[in-house]
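# Per-entry structural report
One letter stands for each residue in the lines below.
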Amino acid sequence: MSTSILATKLYIPPAQPKVVLRPRLIERLNEGLHHKLTLISAPAGFGKTTLVSEWVAGCDRREPKLRVAWLSLDEGDNDTTRFLIYLVAAMQTIAPTIGQSVLGMLQSSQPPPPEFLLTTLLNEITPSPDNPSTRFASGQSFVLVLDDYHVIDSKLVDHALTFLIEHQPPQMHLVIATREDPQLPLAQLRVRGQLTELRAADLRFSPAEAPEFLNRVMGLNLSAEDVAALETRTEGWIAGLQLAAISMQGLDDTTRFIQSFTGSHRFVMDYLVEQVLGQQSESVQQFLLRTSMLDHMCGPLCDAVLLDSSVSGQATLEYLEHANLFIVPLDSERHWYRYHHLFRDLLRRRLELTWLAQVPVLHQRASEWYRAAGLVEQAMGHAFASQDLERVAALIDEFADELNLQMNQVLLKKWMERLPHALIRTRPWLCVYEGWVRYWTGQRAQVEESLRNAELALESSTRNLSDEERKHIAGHIAAIRAHHALTDEALPRVLEMGQTALELLPEADHMRCEAAVAMGGAYWGLGNSAASQQHFYLAKTIGLKHGQRALAVSAACYTSMMQVKRGLVADAFETLREALDLATGPGGEQFPIAGFANVKLGDLLREQNDLEKASQQIVQAVDQCIQLGQADVLTDSYVTLARLRLALDDLEGAREAIQKADEVARRVKIDPFVFCWLQDCHVRLWLADEDMDAIVRWVEQSGLTVNDPLSYHYDLHHINLARVLVARGMQPDALQLLDRLMAAAESAGWVHEMIKIAILQALALQAKGETHRVPAALSRALTLAEPRGYMRIFVDEGAPMRLMILDLRVSILKTSPHLCVYLEKLLAAFHSTTAENPKLVLSKIEGSKIQGLVEALSQRELEVLRLIAQGLSNREIGERLFLALSTVKGHSRIIFDKLEVHNRTEAVARARELGLL
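These numbers come from a predicted model, not from an experiment.

Attention now goes to the overall build of the protein chain. The helix and strand tally for the protein chain stands at 49 helices and seven strands. Here the protein chain holds 917 residues, and 58% of them are scored as buried. Considering only contacts within the protein chain whose residues lie at least 6 apart along the sequence, 67% involve residues at least 24 apart. Taken as a whole, the protein chain presents about 37,700 Å² of accessible surface, with 51% of it coming from carbon and sulfur.

At their nearest, the axes of helix α25 (residues 467–487) and helix α26 (residues 491–504) sit 8 Å apart, and the two run at 155° to each other. Relative to α26, the element α25 lies roughly antiparallel. Pair α25 / α26 crosses with left-handed handedness. Packed against α25, whose contacting residues are K471, H472, A474, G475, A478, A479, R481, A482, A485 and L486, the element α26 presents L491, R493, V494, M497, G498, T500, A501 and L504 at the interface. Per-class residue counts for the contact of α25 with α26 are eleven nonpolar, four polar and three charged.

This next bit is on the packing of aromatic side chains. Tallied over the full model, the rule gives 13 aromatic pairs. A ring pair is formed by W429 and Y433, whose centres lie 5.7 Å apart and whose planes are at 20°; its orientation type is stacked. Taken as a pair, W429 and Y433 lie in helix α23 (residues 428–440) at a separation of four residues, close to a single helical turn. Pair check on accessibility: W429 and Y433 agree, each one buried. Ring plane angle 75° and centroid distance 5.2 Å describe the contact between Y712 and W750, whose orientation is recorded as edge-to-face. Remark: W750 occurs in the loop between α38 (731–748) and α39 (751–768) and Y712 occurs in the loop between α36 (692–702) and α37 (718–727); sequence separation between them is 38 residues. The same class applies to Y712 and to W750, which are both buried. The rings of W524, F536, Y558, F596, F673 and W677 are connected pair by pair, giving a single aromatic cluster. A cation over a ring is seen here: R444 above Y439, with NZ or CZ 4.2 Å from the ring centre. Sitting above the plane of the W750 ring, K565 keeps its charged end 4.0 Å from the centroid.

It is the contact of α37 with α38, at a shortest axis distance of 8 Å, that shows an interaxial angle of 155°. Taken together, the axes of α37 and α38 are roughly antiparallel relative to one another. Viewed along their axes, α37 and α38 form a crossing whose handedness is left-handed. Along its contact with α37, which presents H718, I719, L721, A722, L725 and V726, the element α38 presents Q731, D733, A734, L737, L738 and L741.

Bringing the pattern of salt bridges into the picture now. Evaluation of the coordinates by the stated rule reveals 46 salt bridges. Here R606 makes a salt bridge to D603, at a shortest N to O gap of 2.9 Å. Pair noted here: R606 and D603 are both in helix α31 (residues 594–607), with a separation of three residues, about one helical turn. The class of R606 is buried, set by a relative accessible area of 7%. Salt bridges linked by common partners bring D603, R606, E607, R643, R792 and D796 together as one network.

The next point concerns the sheet that holds strand β1 (residues 37–41). Pairing is parallel across the open sheet formed by five strands, whose spatial order is β2-β3-β4-β1-β5. In this open sheet, the two edge strands, each paired with only one partner strand, are β2 (67–72) and β5 (195–199). Each strand axis lies, on average, 15° off the axis of its neighbour in the sheet, ignoring direction. Across six bridges, the pairing between β2 and strand β3 (residues 142–147) is parallel. Paired with L71 across the strands is L146, a residue of β3. Sheet strands touched by helix α1 (residues 23–32): β1, β4 (172–178) and β5. Its angle to β5, the strand with the most contacts, is close to 160°.

So, on to the state of the cysteines. In total, this model carries zero disulfides according to the counting rule given. Free cysteine: C557, not disulfide-bonded; nearest cysteine sulfur from C625 at 8.9 Å. Of the residues examined, C557 reaches a relative accessible area of 0% and is grouped as buried.

What counts and what doesn't
- Residues numbered from 1 in each chain as written.
- Predicted model: local features only at pLDDT ≥ 70, side-chain atom pairs only at ≥ 80, totals over all residues.
- Heavy atoms only, no water.
- Helix = DSSP H or I, 4+ residues; strand = E, 2+ residues; numbered from the N terminus.
- Buried < 20%, exposed > 50% of the residue type's maximum accessible area, 1.4 Å probe, protein only.
- Contact = heavy atoms within 4.5 Å.
- Areas by Shrake-Rupley, 256 points an atom, 1.4 Å probe, with all protein chains shown as cover.
- Axes fitted to C-alpha atoms, helices over the stretch in contact; angles between N-to-C directions.
- Parallel < 35°, antiparallel > 145°, perpendicular 65-115°, else oblique.
- Left-handed = near helix turned anticlockwise from the far one by under 90°.
- Nonpolar A, V, L, I, M, F, W, Y, C, P; charged D, E, K, R; others polar.
- Phe/Tyr/Trp six-rings, centres within 6.5 Å; stacked < 30°, edge-to-face > 60°.
- Lys NZ or Arg CZ within 6 Å of the ring centre and 35° of its normal.
- Salt bridge = Lys/Arg side-chain N within 4 Å of Asp/Glu carboxyl O.
- Pairing = 2+ DSSP bridges.
- Disulfide = S-S within 2.5 Å.

Here's what the structure looks like:
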């Protein structure tokens, strides 16, 4: 569920019509624009907000115009995610399109680190030739005001703001108003000349300003002596002067009042509150006290809290504003207000002294009003403040399904964690939600505990639960257990629990879709492709039938994955396009779940070597998957990006993508097949990096051996081991393993894996010298791949595959002439910088094997050497490689020289000794 933005937090308080002009402070603020930060730090009541709002009003009259974004902070902004959401929302008041991607990421269940989000935001702000999408024109300055920063006590928020200041672009200026110094590197900023400070001594009314305020603004007629006495006793504290002035309204003997006006601030405030309140009618006093527990007020909300038909909330608020009773309008329509913070605090203390027992009731009423208004977070806030945990539990019951459907389990988790476990254990639904939240957020070891508690609560519940509700709860428990069993690789239990869930759950319940997905995953793990696809399709059908679009998209993506495995590529494209349509709103905007579909579409395009389209699709998909925050899908997106980077020979980019995938996989146990794909990327990157040590470590740590049972659940991840064996020259083991893998793939009907395995078989046979068997293996791979348009599965094997196709092209076309166009496309697709033969790469770092080779052979020399080994004459080699005869002879001489041999026979023998053939 998206975080509701309370627009009043972004509202710039208007300059008051009757105010003491303070040009000396305005000038200080103007001068501060040349620095990064202006800090206005002073205790409550020193007019910080009033001063800044007056200065901001003047910004409109500057040339060029200076735009201002405003954010009024509250305690809820100690949540880093919420703080950043409001930060972006504030900036969007002056640049509506800025930070849209950041907001999207923040709405996900697992937002990226704040530094990443702020970097994205700052890049949008900062104009540069490489960043044409900046929302701010070059030289266009703006101010961001953070008011009431003293409510922030979160180190994480402090760190985020420090990062923002450190990387602040020159056209941005930050103003912080606070009652206490924030935990920011102020000393460092001060030394660097990047900080402007206004403190209490600056803000207090001067002897010249105090009479201006008391006599002109507040309408008193005090003598110079009285003003001086009051200014001295209040030490220029503006709130104190204001409270005193209100108390003196209508008094005949103001001098006597001022003489009695002594004591510490607390006593002064207590006295003035009593005096101010005492001047108001009983109904107004009650209104002030009983509404003081609200952070923000509007007429209907006050009516709901007071439940007093004799008092109009809206009329009373308008009266309070007119009477200047410390109320601040929050919108130009005079709909929402708040009390001056100091005044609110005092009222709250008095409320607790006077009507302590009513406070929880008032919060309950506020919670109900917010619930009815659809402001769920505010409703929950007052429910917690009321300490009515039963109400909290009821609200969670009401909104949990909505949150789950919107995949906002993180917010649900925060609420659940504030409830005592004793209460959760008494309510079966709460236990169920806790179990699902734990599964979703990666606390999977604790899932079963929650589900057992749910069953115990169901048995001992004193509530009058109907049989239907009991079945409903049991169905949810079974569905969660199905997913949990899938993670635990207990496939028979997945099917048992999934089927139980389908039988128990009501027709329209979203967990039926989740149960079907889990069963599809189990059949995948069992190698039953037809049943797997059938259940994924069932999940999609359930989602579509009941309007659960996000779940339908997810199910469609899983369906497409199985279609790809079965070689139904055209069907997979169609399924994914349907998924993308479902994930697209009426205005053309794509929801975060679209990332899943875009990942799979992008990967298919990559496989067909349409790298430009694939890049566009995958880059967008990764951003969307970050917003989505689902661990398995997010890892898949990074893996897909790594594959793309490898295809583009961008090893650094691939390394970065793999690292991000690893970070997710370390936090949460991801789907086994995604884990397999991640390991495949690791192996390919290590081979490209010639990192033999990493390869050896991986083999040892993976625990994979040639004779292991094969696992469909891990997507036949022994293919990764086979690739390593081929690269290390362990061809007999590799071929033995590949034969078993091929049988397993054929049994499951996994065409994609059959192609991959056949390619590795061809490479292993070639390396072993069993060249007579190579054409059959390669022909099989080509015949399976050609109608499906696969390209990268060959091209990513690099130069050895290119040479092999060149070598065998003629013989293949004799038996399969229809492959002619396909072979030409494949050969054209091999990039000139294609990675070297993995086997050669590893051989190079196996020092014992290549110590005798003073200088490595070039790629072209390797191609020539391979053709020499096949017995081709120099003329035939020239024809094969489109080289002149003299050029071939030249390459031969260099090869002989580098290998320190004298003829072709010795060259082939030496090359095999070195593992080059």
